[in-house]
Amino acid sequence: MDKHNSSEILNSEFSLSKNASSDSLDSDSKSSSLNSKHGQDSPHVLGDIQLLDSEKVMSVARDVTYLCPFSGPIRGILKVTNYQLHFRPLDAAALQCTLSVPLGVVSRIEKVGGASSKGENSYGIEVFCKDMRNLRFAHKQENHSRRGIFEKLQQLAFPLSHKLPLFAFSYSEHFPEDGWHVYDPLAELRRMGVNNDMWRITRINDKYEVCDSYPSVWAVPAGANDDLLRSVAAFRSRGRIPVLAWIHPSSQATITRCSQPLVGVSGKRSREDERYIQLIMDANAQAHKVFIMDARPSANAIANKAKGGGYESEDAYQNAELVFLDIHNIHVMRESLRKLKELCFPQIDQARWFSGIEASCWLKHIKCILAGAVRIVDKVENHKTSVLVHCSDGWDRTAQLTALAMLMLDPYYRTLRGFEVLIEKEWLSFGHKFQLRIGHGDERHSDADRSPVFVQWVDCVWQLQQQFPTAFEFTERLLITIVDHLYSCRFGTFLFNTERERVKEEVKVKTVSLWSYINSRQDLYLNPLYWGPSSFGTNSPPSPYSRPQVVLVPVASLRVIKLWKALYCRWNPTMRQQDPIYQRTRELVALRAQLEAAAMAAADDHAARQHRLGLTPPRVASPHHV
Amino acid sequence: MNEKKKIVQNFKSYINVSPPKNNGEKNGALQEVKPKLLNGEQVAGAAYSVVMLTPLSERDRGRLGSLFVTNYKLSFVPLEYLQGDDYGQRNHLLGTFDVPLTGVGAVWLTEGGPVRRRCLAPGGDVPAKVKGLQVVCKNMKVLTFSFANSPIGNGRKVAMALMHHAFPKRHDLLFAYEYKEPYYPTLPPEMNMFQRPGDWKRELERCECPHWRITCINGTSDAFMLTAGETLIVPSSVLDYNLMGSARHFRSGRVPIWVWGRPEGAALLRSGELLQTDQSATTESVLLEQVRRSHPKLTPPHVVYLCGNPLNTERVNALPPLSTLTAAHKKMVDLCTPTTLADFWKQDSDYYGTLEASRWLRYVAWCLAAASDAATRLHNNVTVVLQEGDGVDYCAVVSSLTQLMLDPYFRTISGFQSLVQKEWVALGHPFCDRLGLPRPGSPKEGKESTTAQVGPVFLLFLDCVWQLTERHPAAFQFTDIYLTTLWDAAHNHLFDTFLFNCPRDRELAVAKSLVQRPVWDWGEQFSEEDKALFENPLYACKNIRSPLQRLSQQPPPAPRMDLLESQWSVGAVEVWSACYERWLAPLDVGHAGRVQYHVHNVYTHRDIKRLNEKLNSLSILSSPRSNGEEATERARPPVVSRFFPFGTGGVMSSALQAPNLQPLDPEQLLDSQSLLNAPD
């Protein structure tokens, strides 16, 4: 009887462990989350196409050969739906080479070879992807066999160029939680203690009339009235005036963000702007100074004067110290990542691997951004001084720096939910131009506005995670999932450039939020090593920060900054780590949980049995009873 | 300003203090500190009022104490004890600031600061005035001493003692001969030392290889492979007489010998390079034919020419000559031993370029790729014969790695130690030459010492093993902490394991009263607590059964062989930072690094063990023991820094020092200038 009981318990444990192991299987970084339906339990056969809600197969090409750079040519069936490109190998042994690529990832499509091209597999199409890979398909050299699929691909991968809606607007899967509610600007400001004596919430931009790329709700110094705000907006590029990003819970030192002042060649000044900066400084009683961190190299800042922009002169701004952080512009970053892609895909050049990394400068840029954020953190945390951050427009490098500094300063943003809030706030609401930088559904692949600024920031977050494995509630898997869906166009989160556009297009009504999807299976992303309290409620007051590791200060040295192989080199089987240590750690933690449950059940069972036999209960009670 | 305050409480600045007036005899207090001496250890030189500089600090900071040179170690004894001194691994034989003399790599003269002036050559002159010394250890630790406050002449005295004793001219000056402490072996019984014929027999039986036989011919006067032990394993069909005849066609008499095999027939053999003699090709094919016949399926063996085929002029993808490997290692050492903070950041700006130029990681990847290829062939039941130079360097690396990839036994701590005994010690890797020690019994220098070639071959092997453990974090019973400790211990001349070129030399020394003290007796150096860090909790938990599995009586039998499959390329290997960069204080930040996983898992493993015991006691005993001590709460792992249990414990890292960033060179960024000027 006893045995029966315990085996029942153990059976339920067993199902638990089965789940755990299947989780760990698909936490492999390559099997990205792109097409999975987290919530779904139905067994999925490898190689079969999994259609999402409202996804339809639009075109099928049989007898296509996928020229896999690692496994060689594979014959199979190519399907194009309104969401993805899917390739299924004919040979069951090659099923691990099944491809399922969301069309949002496609950057450009080209025809390779012509009807008269010589050589095997010389005729077909090549698909260039935004996620560091290219796919080559070979078609039969007869009857224009590639034409149908090529045209369908062009149309479906670049819907905006063909006056069609993005897939996110047809997709309507239901999730238990609505991710659009994750970020509430008022609640987030309340978390930081705003309104207070020094900072007030203003709705001056409710209709996006003062600044069309800013959110509708701002926190500004309490001493600044709406007229002053309007005058400052006139002196800042695109009306992006300094507003609050983060406030230190104990010292009241703040991080504020804005765009460059419109100084121009003649060195114009604005009394209002100067007074406003003074108000920001005054809002922090601890310091008699404010730092203005200009993210750009000084040469670029000077060059901007010719275009009417520029930087704050220390003569005009009393008590302000200007620092240039030497971070290069979006074009340099795009070029850098392009070089990195050449290095990582398809094959790596054994003889020039490290010098290739050096030459791409990608890690040096990462170092520069991390070092810049460290300087901001140093001023805010150690010197209790407020910092104003800007670059040219204040939506690329500024977002990278403020979001990174906030991540280092505030453990709340290192929780899964807090991280979502951080992205919603610093990136989305403050108008990082996702549509322009990523080019969703747009065929102009060489558009100069495209740039991997957000991916670069995610890389910086990854560097922090690597340096401090216990500091984040989530693992790299969350970061990779976010990057995947940055391109996928399945969710509405990263569509459009500004909050204003998103409101106008009713994104929250017509599309699903990425956070709905992620929050429905949070367990997949949780870090077993996380040291934090289980949650930072959004309503809880700023915590007293009793934890040992509140502020993260990464080492901005190339000895520690690593190439994120799990993202950039993930298509290359020789580069993938086969057995990531955190996966094993998770299994260990799961095993402990099972044993804990079993021990508890066994103890209860044992106590019950003792009780039935009329014995005295075991002495688990406190000894005072004796 | 804040930073400064934080630092000052731990480190007093003595450098800018003007030297005391009475330069002759110091006040007694300073001289009273004494080094901790072992039984048989003697002080050979001392300097007082020495400042040991804090490595890589911007300011002149350091600690005051005395510096001693003994016949065993270089020892700095600080005047006052600080809290951080106890951090991490503690060695019973060596203090925190001690270095065994054989661990000293290079000695530099300085002006008292961290900047090097001139390298002191062993046997060379020591100038009359020595203001400061910098010691670069073989494990990449850098110690810098200033004698600015010391009595006149102290610096020179200690420098001369160091140069004399750290680079001894005779083998029997090593401390292993002097150490008087009795030794009681406590090695685990499952460890195989490969010293006697019976040890080899045990291995042959363990591997279940009936087509091979043991010969002791090499222990007789007919010995032909002088650098190997007396016992060799060869195909059953080969006669000793034939072996003797064939030996002269192979370098150092290294005919192919068996080192590992599987019951299905495939075996792993090592041999030296074939000499370019008349009959050599024929001899080789005769021997290989006998190897083929030892395979039950008569599969012909696959020969791997690790340094290229000598009969074939093209040497593609071959491992480099030892001198090239040594040069590569030297570049790595330079990269990991900056002496000033400015150097540190300067190296940072060209880090990957230097890494490329060093080629060290390329050689690591090559060894792993060669081993992976050999392991795959063996897995497919094809015999592999490794061939290289004298058959004692890269052969040992690749052969050991191949066995680690195939045989789970070698992934245990005992198994790994047995593997090192077999492949490195018994088969005669010339540790004495490669680690730069004097050869035993040859006081005559000159000719002999020029043929002795140094080379970090064993380190290359340990680095490769570390790459394997990173790739397969649950496959090995030992941790990278173990590997790093082993590398440190290789430079400790108190143990005999890594002191000899071959078993023959060791036997001669033992005959002359050397007490053998294998490094594997870790209890000689470390407490149980430190030894516990050698064990990988992820490995230990593989054998713990989940609650359901507990019901089934029998645990599944461990497989005799399972292949650790992985492809290796330069892109897939990393710098072994936890070993090479562990002394770089600016990197040693609290809460940081991979070691956090280890510490976390050690604690989880403890919980699991406790729960398992609890479950067992509940099911077996009629009354549950509920002693109050049995905490159901999980203990929180302690806070450790990146290089735990080595390094400085993050004490010195003033966390917020912003690096002095040099702006990027715009020309590096782009090919075309136009993009730079593009509008933002």
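About the criteria used
- Residues numbered from 1 in each chain as written.
- Chains lettered and ligands numbered in written order.
- Predicted model: local features only at pLDDT ≥ 70, side-chain atom pairs only at ≥ 80, totals over all residues.
- Heavy atoms only, no water.
- UniProt positions renumbered as here; feature names shortened; annotations may be inferred.
- Helix = DSSP H or I, 4+ residues; strand = E, 2+ residues; numbered from the N terminus.
- Buried < 20%, exposed > 50% of the residue type's maximum accessible area, 1.4 Å probe, protein only.
- Contact = heavy atoms within 4.5 Å.
- Areas by Shrake-Rupley, 256 points an atom, 1.4 Å probe, with all protein chains shown as cover.
- Pairing = 2+ DSSP bridges.
- Axes fitted to C-alpha atoms, helices over the stretch in contact; angles between N-to-C directions.
- Parallel < 35°, antiparallel > 145°, perpendicular 65-115°, else oblique.
- Nonpolar A, V, L, I, M, F, W, Y, C, P; charged D, E, K, R; others polar.
- Patch = residues over 30% accessible without salt bridge, like charges linked within 9 Å, V, L, I, M, F, W, Y side chains within 5 Å.
- Salt bridge = Lys/Arg side-chain N within 4 Å of Asp/Glu carboxyl O.
- Left-handed = near helix turned anticlockwise from the far one by under 90°.
- Expected span 1.5 Å × (residues − 1).
- Arc of directions from axis to C-beta.
- Disulfide = S-S within 2.5 Å.
- Polar contact = N/O pair within 3.5 Å; in protein donor to acceptor, adjacent residues only side chain to side chain.

In the annotation of an unreviewed UniProt entry, the entry for chain B reads Myotubularin phosphatase domain-containing protein, and the organism field reads Chilo suppressalis.

In the annotation of an unreviewed UniProt entry, the entry for chain A reads phosphatidylinositol-3,5-bisphosphate 3-phosphatase, and the organism field reads Chilo suppressalis. Quoted verbatim from the Subcellular location (unreviewed entry) field of the UniProt record, the comment on chain A reads "Endomembrane system". Quoted verbatim from the Sequence similarities (unreviewed entry) field of the UniProt record, the comment on chain A reads "Belongs to the protein-tyrosine phosphatase family. Non-receptor class myotubularin subfamily."

S.K.: Help me out: how do you make sense of the overall build of chain B in this one?
M.R.: What chain B contains, in helices and strands, is 23 helices and 14 strands. Burial status across chain B gives 58% buried among its 680 residues. In chain B, of all internal contacts separated by at least 6 residues, the share reaching a separation of at least 24 is 74%. Only carbon and sulfur atoms are counted for the fraction: they give 53% of the accessible area of chain B, which is about 28100 Å².

S.K.: What is the right way to read the overall build of chain A from this model?
M.R.: Counting its secondary structure elements, chain A contains 19 helices and 14 strands. For chain A, with 626 residues in total, the buried portion stands at 60%. Pairs at least 24 residues apart make up 71% of the contacts formed inside chain A by residues separated by at least 6 positions.

S.K.: Just checking my understanding: could you explain helix 9 (residues 351–358) of chain B for this structure?
M.R.: Since the α-helix packs 3.6 residues into each turn, any two residues three or four apart lie on the same face. Along helix 9 of chain B, six of the eight residues are buried, which leaves the element largely enclosed by surrounding structure. When we look at burial in helix 9 of chain B, the residues that qualify are Tyr351(B), Tyr352(B), Gly353(B), Leu355(B), Glu356(B) and Ser358(B). For helix 9 of chain B, the elements touching its buried residues are helix 8 (353–360) and helix 9 (362–382) of chain A together with helix 7 (322–336), helix 8 (341–349) and helix 10 (360–379) of chain B. Positive backbone phi, at 65°, marks Arg359(B), one or two positions downstream of helix 9 of chain B.

S.K.: How do you make sense of the sheet that holds strand 1 (residues 43–53) of chain B when you look at a structure like this?
M.R.: All names here are of chain B. As summarised here, the arrangement of the eight strands in space is 4-3-2-1-8-7-5-6, forming an open sheet in which the pairing is antiparallel. In the strand order of this sheet, the two ends are held by strand 4 (98–100) and strand 6 (116–120), each with one partner. Ignoring which end each strand starts from, the neighbouring axes of this sheet average 30° apart. Along the sheet, helix 3 (residues 154–166) makes contact with strand 1, strand 2 (62–70), strand 3 (73–78), strand 5 (104–110), strand 6 and strand 7 (132–137), crossing strand 1 at roughly 120°.

S.K.: What should I look at first to understand the packing of helix 7 of chain B against helix 9 of chain B in this one?
M.R.: Each packed pair of helices is defined by two parameters, the angle between the axes and the distance between the axes. Residues and elements named next belong to chain B. For the pair helix 7 and helix 9, interaxial distance at closest approach is 8 Å and the crossing angle is 160°. Comparing the axis directions of helix 7 and helix 9 gives the class roughly antiparallel. Between helix 7 and helix 9, the contacting residues are Ala328, Lys331, Met332 and Leu335 on the first element and Tyr351, Thr354, Leu355, Ala357 and Ser358 on the second. Considering only residue class, the contact of helix 7 with helix 9 consists of six nonpolar, two polar and one charged.

S.K.: Got a minute to help me understand a nonpolar patch on the surface in this structure?
M.R.: Together, Leu51(A), Val57(A) and Val60(A) give the surface a local cluster of nonpolar side chains, amounting to about 200 Å² of exposed area. In this structure Val60(A) comes out as partly exposed when scored by relative accessible area, which is 38%.

S.K.: Help me understand the sheet that holds strand 12 (residues 267–271) of chain B, please; the structure alone is not making it clear to me.
M.R.: Backbone-to-backbone hydrogen bonds pair the strands of a sheet. The strands run either parallel or antiparallel. Residues and elements named next belong to chain B. Spatially, the four strands line up as an open sheet ordered 11-12-14-13, and their pairing is mixed. Each of the sheet's edge strands pairs with one partner strand only, and the pair in question is strand 11 (257–261) and strand 13 (302–305). With direction set aside, neighbouring strand axes in the sheet form an average angle of 25°. Bridge count for strand 11 against strand 12 is four bridges, and the pairing is antiparallel. Across the sheet, Ile257 pairs through a bridge with Arg270, a residue of strand 12.

S.K.: In this structure, what is going on with the environment of Arg147(A)? I would like to understand it.
M.R.: All names here are of chain A. Mapped onto the elements of the fold, Arg147 is located in helix 2 (residues 147–157). The exposure class of Arg147 is partly exposed, given its relative accessible area of 43%. Considering only alpha carbons, one finds Arg147 and Gly124, 23 residues apart in sequence, at a separation of 9.4 Å.

S.K.: Quick question: what am I supposed to make of the packing of helix 11 (residues 416–429) of chain A against helix 13 (residues 453–467) of chain A here?
M.R.: Residues and elements named next belong to chain A. Running from N to C, helix 11 and helix 13 cross one another at 145°; their axes reach a closest spacing of 13 Å. Here helix 11 and helix 13 pass one another in a crossing that is right-handed. Between helix 11 and helix 13, the contacting residues are Phe419, Leu422, Ile423 and Trp427 on the first element and Val453, Phe454, Trp457 and Val461 on the second. Among the residues forming the contact of helix 11 with helix 13, the class breakdown is eight nonpolar, no polar and no charged.

S.K.: I'm lost on the pattern of salt bridges in this one. Help?
M.R.: Side chains that differ in sign of charge can pair as their charged atoms come close. Scanning all chains against the criterion turns up 63 salt bridges over all chains. Arg582(B) is paired through a salt bridge with Asp488(B); the nearest N and O atoms lie 2.8 Å apart. Taken together, the positions of Arg582(B) in the loop between helix 20 (577–580) and helix 21 (595–620) and Asp488(B) in helix 16 (residues 480–489) put the pair 94 residues apart, joining distant regions of the chain. Grouping residues by exposure puts Arg582(B) and Asp488(B) together as buried. Through salt bridges with shared partners, a single network forms among Glu188(A), Arg191(A), Asp410(A) and Lys425(A).

S.K.: Would you explain the pairing of strand 3 (residues 84–89) of chain A in this entry?
M.R.: On a regular strand, each side chain points to the face opposite its neighbour's, so the side chains alternate between the two faces of the sheet. Residues and elements named next belong to chain A. Within strand 3, five of the six residues are buried, which leaves the element mostly enclosed by the surrounding structure. Here strand 2 (residues 72–81) runs beside strand 3; their pairing, made up of five bridges, is antiparallel. Following the sheet pairing, Leu78 is matched in strand 3 by Phe87. Between strand 2 and strand 3, which pair antiparallel one after the other, the connecting turn spans two residues. In terms of strand pairing, strand 3 meets strand 4 (residues 99–102) through four bridges, oriented antiparallel. By the bridge assignment for strand 4, His86 is matched with Ser100.

S.K.: I would appreciate a short explanation of helix 6 (residues 280–293) of chain B in the present structure.
M.R.: Residues and elements named next belong to chain B. Along its 14 residues, helix 6 runs 20 Å from first to last C-alpha, staying within 8% of the 20 Å computed at 1.5 Å per residue. Where helix 6 is concerned, the buried positions are Ser280, Thr283, Glu284, Leu287, Leu288, Gln290 and Val291. Projected down its long axis, helix 6 carries its buried residues within an arc of 155°, all on one side. Of the surrounding elements, those touching the buried residues of helix 6 are strand 9 (212–215), strand 10 (232–235), helix 5 (240–247), strand 12, strand 13 and strand 14 (384–387).

S.K.: Even after reading the chapter, I still don't get unusual backbone geometry, so can you show me in this structure?
M.R.: The phi angle of most residues is negative, glycine excepted, and most peptide bonds adopt the trans form. In the segment running from Val194(A) into Asn195(A), the intervening peptide bond is cis, with an omega of 5°. Of note, the bond from Phe345(A) into Pro346(A) is cis; its omega dihedral lies within 30 degrees of zero at -5°. Within the fold, Pro346(A) resides in the loop between helix 7 (330–344) and helix 8. Look at Ser49(B): it is not a glycine, yet its phi comes out positive at around 50°. Here Ser49(B) is to be found in strand 1.

S.K.: Explain the environment of Leu93(B) to me, please; I cannot follow it from the model alone.
M.R.: All names here are of chain B. Looking at the secondary structure, you find Leu93 in the loop between strand 3 and strand 4. Take Leu93: its relative accessible area is 7%, and that puts it in the buried class. In sequence terms Leu93 and Leu494 are 401 residues apart; their C-alpha atoms lie 9.3 Å from each other. The residues touching Leu93, leaving out its near neighbours within four places in the chain, are Leu38, Tyr72, Lys73, Tyr179, Asn492, Leu494, Phe495, Glu524 and Gln525.

S.K.: What should I look at first to understand the state of the cysteines in this one?
M.R.: Two cysteines form a disulfide when their sulfur atoms are joined by a covalent bond. Residue and element names in this part refer to chain B. Inspection of the entire model under this criterion finds zero disulfides over all chains. Here Cys307 is not cross-linked by a disulfide; its sulfur's nearest cysteine counterpart is in Cys395, at 8.4 Å. Judged by relative accessible area, which is 13%, Cys307 ranks as buried. Take Cys367: it sits in no disulfide, and the sulfur closest to it among the cysteines is that of Cys464, at 4.6 Å.

S.K.: Just to check I follow, could you spell out the side chain of Gln260(A) for this structure?
M.R.: All names here are of chain A. Structurally, the position occupied by Gln260 is in the loop between strand 11 (254–258) and helix 5 (271–282). In this structure the side chain of Gln260 is engaged in a polar contact, spanning 3.1 Å, whose partner is the backbone nitrogen of Gly310. Excluding its chain neighbours within four sequence positions, the residues that come into contact with Gln260 are Phe235, Arg236, Ser237, Arg296, Asn304, Gly309, Gly310, His390, Cys391 and Ser392.

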